[in-house]
Amino acid sequence: MQQSAENAEAEDHPESDQEDAAPLLNQQLSLGKGLCSARYSLALVLHFSLFVVYSLRVNLSIAIVAMTNGTNPGSLPNISTDVCPNRSHAQTNSSHQEFAQEAPVYDWSAKTQGVILSAFFYGYLFTQLLGGYWSGMFGGKLVLGYGLLATSALTLLAPLAAGLGAAYLIGLQALLGMAEGVIFPAQYTLWAKWAPPLERSRLMNLAEAGCTFGTFVTFPVAGIICQYLGWPYVFYILGGIGCVWCVFWFLLVYEDPACHPRISAGEREYIVSSLANQGSSHGRSLPLLAMIKSLPLWAISVAYFCNDWLFYTLLTSMPTYMNDVLHFDIRENGLLSALPYVGNWLGTIVSGLLADFLLSKHMFSTATVRKLFSVLGMMLPAVSLVAVSYVGCDYTAAVVFLTLSMTVISMCGAGFNINQIDIAPRYAGFLLGVTNTFGTVSGIIAPTAVGFLTSQRATPS
């Protein structure tokens, strides 16, 4: 039945609902507490699932260094990258001997490499809204599981596509983006049914920390695989792990507490009663007019765009920065590129715990906590990233500021990142698709802007 805009606006009053439910939540908070509870088990399963998702997303950022003829996307012919001394122990004229000799090497231009890396985001942009809508109709478990399976299977085809030509790899990257685009909206649909209001920050941040943990592990591991096995095995190994993990996903995850056969009666009652006022998933109908008029939704969307500009810039450009500017070899490049994500992983978990602590002690309202964490999570990283441009060839300072930036930005995970469930839990998956679309647009623009800005510094005559 079609929902009216008025009904959509009236049904979601998260702060008042949270205040009404607070006594129950405080009494029941200990039920099922710990890693053995069903909701925390879901968070851990999602943590590893998103670990796999991000390992499949970032593998090409490292592998493309070995796939190409020593030309990185940032290495344009009119730019001098000999700003800092070469710290690599390898000989500068024998870079190709660093990689497994049997792996093919392609002579792709910097422009072609940039198109290959950005093609993912075009596909990713296309399925954000569809993923949110499908998860509301068919359930988050199925949509996320099939999205992860498709992403893993397509990753196995990357070496074949590269051998056929750059155009085939670009098309495959777009398909990978489309498959992965449904995953995060589906995750939010699941949490709308599983996360009690006073545990949303910690549960969702514990799950989302898998993104940065996957990046942290994949950067050095992919570099090592490129050196000793050859770059094709990066895709074979990680894609294979993803396919195997999908089996565990379908076996371990349940759509809601009512479907879970092993959840305790106390935990089921606690979750169901705490979420009793928010209603079920939206089904086929959506209050699109009310969404378009929603100022909070527009504010969250703008925050996603700004935050993801920084995040995607680091995700796609940091390996090149380490390789071209600081002159680390692929092993040092991978390990040092991963350090900021170690801080982000720890910060994501800690900020979720801190936000829920402030809410449970009634120190701040939900709106205040989300705004506070959002402001700190965007302002301080911006300052740190600007500082990187002033440290020159001070390698230690550069890594410190990059790590500080990525650590503090994790506070946004307990800020606007989960606001969709606060303002309209029934439509959380679709709203995540809306806001993440804005974030993905910045993921498309940011690498292009980086290339334009760096190209303005020509080689001195």
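Quick note: structure is the one above.
An account of the accompanying structure is given in this report.

Parameters at a glance
Residues numbered from 1 in each chain as written. Predicted model: local features only at pLDDT ≥ 70, side-chain atom pairs only at ≥ 80, totals over all residues. Heavy atoms only, no water. Helix = DSSP H or I, 4+ residues; strand = E, 2+ residues; numbered from the N terminus. Buried < 20%, exposed > 50% of the residue type's maximum accessible area, 1.4 Å probe, protein only. Contact = heavy atoms within 4.5 Å. Areas by Shrake-Rupley, 256 points an atom, 1.4 Å probe, with all protein chains shown as cover. Salt bridge = Lys/Arg side-chain N within 4 Å of Asp/Glu carboxyl O. Expected span 1.5 Å × (residues − 1). Phe/Tyr/Trp six-rings, centres within 6.5 Å; stacked < 30°, edge-to-face > 60°. Lys NZ or Arg CZ within 6 Å of the ring centre and 35° of its normal. Axes fitted to C-alpha atoms, helices over the stretch in contact; angles between N-to-C directions. Left-handed = near helix turned anticlockwise from the far one by under 90°. Core = buried A, V, L, I, M, F, W, Y, C linked by side-chain atoms within 4.5 Å. 1 Å grid on protein atoms, 1.4 Å probe; cavity = no way out; pocket = protein on both sides within 12 Å on 5 of 7 lines; lining within 4 Å. Points joined across faces, edges and corners; volume = space filled by probe spheres on them. Nonpolar A, V, L, I, M, F, W, Y, C, P; charged D, E, K, R; others polar. Patch = residues over 30% accessible without salt bridge, like charges linked within 9 Å, V, L, I, M, F, W, Y side chains within 5 Å. Disulfide = S-S within 2.5 Å. Polar contact = N/O pair within 3.5 Å; in protein donor to acceptor, adjacent residues only side chain to side chain.

## Points about the overall build of the protein
Here comes step 1: Tallying secondary structure elements over the protein gives 19 helices and zero strands in all.
Here comes step 2: Across the 461 residues that make up the protein, the buried fraction comes to 56%.
Here comes step 3: Long-range pairs, those at least 24 residues apart, make up 87% of the contacts in the protein with a sequence separation of at least 6.
Here comes step 4: Of the accessible surface of the protein, which amounts to about 19,200 Å², a share of 67% is contributed by carbon and sulfur atoms.

## Topic: the side chain of Gln173
Here comes step 1: Mapping Gln173 onto the fold places it in helix H8 (residues 166-180).
Here comes step 2: In this structure Gln173 comes out as buried when scored by relative accessible area, which is 9%.
Here comes step 3: If we ignore the near neighbours within four places in the chain, the residues touching Gln173 are Leu60, Ile116, Ala119 and Phe120.

## Some points on the pattern of salt bridges
Here comes step 1: Per the stated rule, a full pass over the model turns up seven salt bridges.
Here comes step 2: Across the pair Asp422 and Arg200 runs a salt bridge, and its minimum N-O distance is 3.3 Å. Here the residue Asp422 occupies a position in helix H18 (residues 419-423), and Arg200 occupies one in helix H10 (residues 200-228), the gap between them amounting to 222 residues. Just as Asp422 is buried, Arg200 falls in that class too.
Here comes step 3: Salt-bridge contacts for Arg370 lead to Asp422; the nearest nitrogen and oxygen are separated by 2.6 Å. Residue Arg370 is located in helix H16 (residues 366-388), and its partner Asp422 is located in helix H18; the two are separated by 52 residues in the primary sequence. Like Asp422, Arg370 is buried.
Here comes step 4: Among the charged side chains, a network of salt bridges with common partners joins Arg39, Glu199 and Glu267.

## As for helix H9 (residues 183-194)
Here comes step 1: For H9, with twelve residues, the first-to-last C-alpha span of 17 Å sits near the 16 Å given by 1.5 Å per residue.
Here comes step 2: Across the twelve residues of H9, eleven count as buried, placing the element largely inside the fold.

## Considerations on the packing of aromatic side chains
Here comes step 1: For the structure shown, the criterion picks out 18 aromatic pairs.
Here comes step 2: Among the aromatic side chains, those forming a connected cluster through ring pairs are Phe48, Phe51, Phe213, Phe216, Trp245, Phe248 and Trp345.
Here comes step 3: The lysine or arginine in question, Arg57, covers the ring of Tyr124, its NZ or CZ lying 4.6 Å from the ring centre.

## Remarks on the packing of helix H3 (residues 38-67) against H10
A pair of packed helices can be characterised by two numbers: the angle between their axes and the separation between those axes.
Here comes step 1: Relative orientation of the contacting elements H3 and H10 amounts to 30°, with a least axis distance of 6 Å. The chirality of how H3 crosses H10 is right-handed.

## Thoughts on the nonpolar core
Here comes step 1: Formed by 90 residues in total, the largest nonpolar core has its most connected members in Met67, Leu169, Phe184, Trp191 and Trp231.
Here comes step 2: No other element matches H3, which puts 20 residues into this core.
Here comes step 3: Within the second largest apolar cluster, nine residues are counted, among which are Leu358, Leu359, Val408 and Met411.

## Concerning the environment of Trp309
Here comes step 1: Topologically, Trp309 is positioned in helix H14 (residues 295-325).
Here comes step 2: What Trp309 contacts, discounting residues up to four positions off in sequence, is Ser442, Ile445, Ala446 and Ala449.

## Some points on empty space enclosed by the protein
Here comes step 1: This model, assessed by the stated rule, comprises six cavities of 30 Å³ or more.
Here comes step 2: Size it by volume and the largest cavity reaches roughly 420 Å³.
Here comes step 3: Along its surface, the largest cavity is lined by 24 residues, and Tyr54, Glu208, Asp308, Phe311 and Asn417 are the ones closest to its centre.
Here comes step 4: Where the lining of the largest cavity is concerned, the elements lending two or more residues are H3, H9, H10, H14, helix H15 (330-360) and helix H19 (428-455).
Here comes step 5: Class assignment of the residues belonging to the lining of the largest cavity gives a composition of twelve nonpolar, nine polar and three charged.

## Thoughts on a nonpolar patch on the surface
Here comes step 1: A cluster of nonpolar side chains, contributed by Phe48, Leu156, Ile224, Tyr228, Leu229, Tyr233, Tyr236, Ile237 and Ile241, occupies part of the molecular surface with about 800 Å² of accessible area.
Here comes step 2: Taken together, the elements giving at least two residues each to the nonpolar patch come down to H10 and helix H11 (232-252).
Here comes step 3: In terms of residues, the nonpolar patch owes the most to one element, H11, which gives four residues.
Here comes step 4: Structurally, the position occupied by Ile241 is in helix H11.
Here comes step 5: On the basis of relative accessible area, Ile241 is assigned to the partly exposed category, the value being 41%.

## Quick look at unusual backbone geometry
Trans peptide bonds make up the majority, and among non-glycine residues the majority have a negative phi.
Here comes step 1: Here the phi dihedral of His362 falls at roughly 55°; this positive angle occurs in a residue that is not glycine.
Here comes step 2: Positionally, His362 belongs in the loop between H15 and H16.

## Overview of the state of the cysteines
Here comes step 1: Scanning the model with the defined rule gives zero disulfides in all.
Here comes step 2: Of all cysteine sulfurs in the structure, the one in Cys246 sits closest to Cys243, which takes part in no disulfide; the separation is 6.3 Å.
Here comes step 3: Exposure remark for Cys243: the relative accessible area of 24% places this residue in the partly exposed category.
Here comes step 4: What makes Cys246 buried here is its relative accessible area of 4%.

## Describing the side chain of Ser55
Here comes step 1: You can see Ser55 is positioned in helix H3.
Here comes step 2: Residue Ser55 is classed as buried on the basis of its relative accessible area, which comes to 4%.
Here comes step 3: Within the local environment of Ser55, its side chain forms a polar contact with the backbone oxygen of Val52, the two atoms lying 2.7 Å apart.
Here comes step 4: Residue contacts for Ser55: discarding those within four places in its chain leaves Gly214, Thr218 and Leu238.

All quantities given are derived from atomic positions and should not be read as evidence of function.
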